[in-house]
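In case you want the letters, here they are:
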Amino acid sequence: APDTHASTPKRRGRPPALSLDARGRLILEAAEEVFFASGYGAASMEEIARVAGMSKKTVYGLYPDKRQMFGALITDGSAFLESDAVTTDEPDEIVAELRRRLLKLAEYALLPRQIEITRLVISEARHWPELADEFHARGMTRGLSYISECLARLKVAKPDAAIANVTQTATALCGAVIGDFHLRALFEKKRPLRRGKLVAQVDLAIRIVLPRVADAAPGGGRHKRPA
């Protein structure tokens, strides 16, 4: 019998239409590429549309201006900051969750992409203050809330933890964990950072900022060296 499949030409119908989420993803990827290459001020919506392979009308339909696009870039990839609320009342479990969140937040802040976004904000915020506003509201404030949720729960569960101000304590913890590593990354100190160093820094930060709860979690703040 003849091979009818081999002789039948394939149909080349129209490519499937992209979903709204897929279009938004492509636009954000293009915006990131253009912002990093040209800077926020020099970037244009037209260039972003060209890189995304879409019409300006499509881009403007999803992101009316560069500020909203940049804000979406900051929010993108940080869904973990919207995690489930802490519901346990056990101090040990809350401290263990606090450690986990500090480590996760530090790893996120030190991603190469996040470092590039931070550099962009630092270099252009003087002329484009909305960059700093979006970075603070969608990045820093959300990150502090992610840590503050644990601290607020811990303050109730363990009154002797001496947490006078939840937001200030969260700020101190985040600074103690991320600060030096972040500065090194911003100034292109490209020494590889092992996860074990971040784990040790999280424990040190808790011992310094919250000495009364440093040994509350199982293991007393001592972690096995990662393999």
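Note that this is a predicted model, so its numbers are computed, not measured. (Residues numbered from 1 in each chain as written. Predicted model: local features only at pLDDT ≥ 70, side-chain atom pairs only at ≥ 80, totals over all residues. Heavy atoms only, no water.)

Asker: Hey, could you run me through the overall build of the chain in this one?
Answerer: Of regular secondary structure, the chain possesses 10 helices and zero strands. Order of helices (α) and strands (β) in the chain, N terminus to C terminus: α-α-α-α-α-α-α-α-α-α. When each of the 227 residues of the chain is scored for burial, the buried share is 40%. A fraction of 72% describes how many contacts in the chain between residues 6 or more apart in sequence connect residues 24 or more apart. Total accessible area on the chain stands at roughly 13900 Å², and carbon and sulfur atoms take up 54% of it. (Helix = DSSP H or I, 4+ residues; strand = E, 2+ residues; numbered from the N terminus. Buried < 20%, exposed > 50% of the residue type's maximum accessible area, 1.4 Å probe, protein only. Contact = heavy atoms within 4.5 Å. Areas by Shrake-Rupley, 256 points an atom, 1.4 Å probe, with all protein chains shown as cover.)

Asker: Honestly, the nonpolar core in this entry has me stumped. Any pointers?
Answerer: Within soluble globular proteins, side chains that are nonpolar generally end up buried alongside one another. Formed by 35 residues in total, the largest nonpolar core has its most connected members in Leu98, Leu102, Ile147, Leu151, Leu173 and Ile206. Those elements giving two or more residues to this core turn out to be helix H6 (91–109), helix H8 (129–157), helix H9 (166–186) and helix H10 (195–209). It is H6 that contributes the most residues to this core, nine residues altogether. Among all residues touching isoleucine 147, those that are not within four sequence positions of it are Leu98, Arg101, Leu102, Leu105, Ala170, Leu173 and Cys174. Ala49, Ala52, Val59 and Leu131 belong to the second-largest nonpolar core, a separate cluster that totals 26 residues. (Core = buried A, V, L, I, M, F, W, Y, C linked by side-chain atoms within 4.5 Å.)

Asker: What is the right way to read the pattern of salt bridges from this model?
Answerer: A side chain with one charge may pair with a side chain of the opposite charge, provided their charged atoms come close. Overall, the coordinates contain 13 salt bridges when judged by the stated rule. With its nearest N and O atoms 2.8 Å apart, the salt bridge here joins arginine 100 to glutamate 97. Placement of the pair is arginine 100 and glutamate 97 together in helix H6, with a separation of three residues, close to one helical turn. Exposure remark for glutamate 97: the relative accessible area of 18% places this residue in the buried category. Aspartate 203 is the salt-bridge partner of arginine 99, the closest N and O atoms lying 2.8 Å from each other. Note that arginine 99 is positioned in helix H6 and aspartate 203 in helix H10, a separation of 104 residues in sequence. (Salt bridge = Lys/Arg side-chain N within 4 Å of Asp/Glu carboxyl O.)

Asker: Whenever I open this one, H6 confuses me. Can you help?
Answerer: Because each turn of an α-helix spans 3.6 residues, side chains separated by three or four positions end up pointing in the same direction. Under the 1.5 Å per step criterion, the end-to-end length of H6 is 27 Å for 19 residues, consistent within 8% with the ideal 27 Å. What H6 keeps buried is the set Ile94, Val95, Glu97, Leu98, Arg99, Arg101, Leu102, Leu103, Leu105, Ala106, Tyr108 and Ala109. Residues of H6 that are buried make contact with helix H5 (66–75), helix H7 (112–124), H8, H9 and H10. (Expected span 1.5 Å × (residues − 1).)

Asker: What exactly am I supposed to notice about the side chain of lysine 66 here?
Answerer: For lysine 66, the position within the fold is in helix H5. For the buried lysine 66, which has no salt bridge, the nearest side chain bearing the opposite charge is glutamate 130, at an N-O separation of 6.8 Å. Of note is the side chain of lysine 66, whose polar atom sits 2.9 Å from the backbone oxygen of alanine 43. When neighbours within four sequence positions are excluded, lysine 66 is seen to be in contact with Phe35, Tyr40, Gly41, Ala43 and Met45. (Lys, Arg positive; Asp, Glu negative; His and termini not counted. Polar contact = N/O pair within 3.5 Å; in protein donor to acceptor, adjacent residues only side chain to side chain.)

Asker: What is the right way to look at the packing of aromatic side chains in this model?
Answerer: Two numbers describe a pair of aromatic rings. These are the distance of the centres and the angle of the planes. Summed over the entire model, instances satisfying the criterion amount to four aromatic pairs. Plain terms: the ring middles of phenylalanine 35 and phenylalanine 70 are 6.2 Å apart, the flat faces sit at 70° to each other, and that makes the pair edge-to-face. Of this pair, phenylalanine 35 sits in helix H2 (residues 20–38) while phenylalanine 70 sits in helix H5, and the two are 35 residues apart along the sequence. The exposure classification of phenylalanine 35 matches that of phenylalanine 70, with both residues buried. Ring plane angle 75° and centroid distance 5.6 Å describe the contact between tyrosine 40 and tryptophan 128, whose orientation is recorded as edge-to-face. With a gap of 88 residues between them, tyrosine 40 in the loop between H2 and helix H3 (45–52) and tryptophan 128 in the loop between H7 and H8 connect regions that are remote in the sequence. Grouping aromatic residues by their ring pairs yields a cluster made of Phe35, Tyr40, Phe70 and Trp128. (Phe/Tyr/Trp six-rings, centres within 6.5 Å; stacked < 30°, edge-to-face > 60°.)

Shape is all these values report; function is a separate question.
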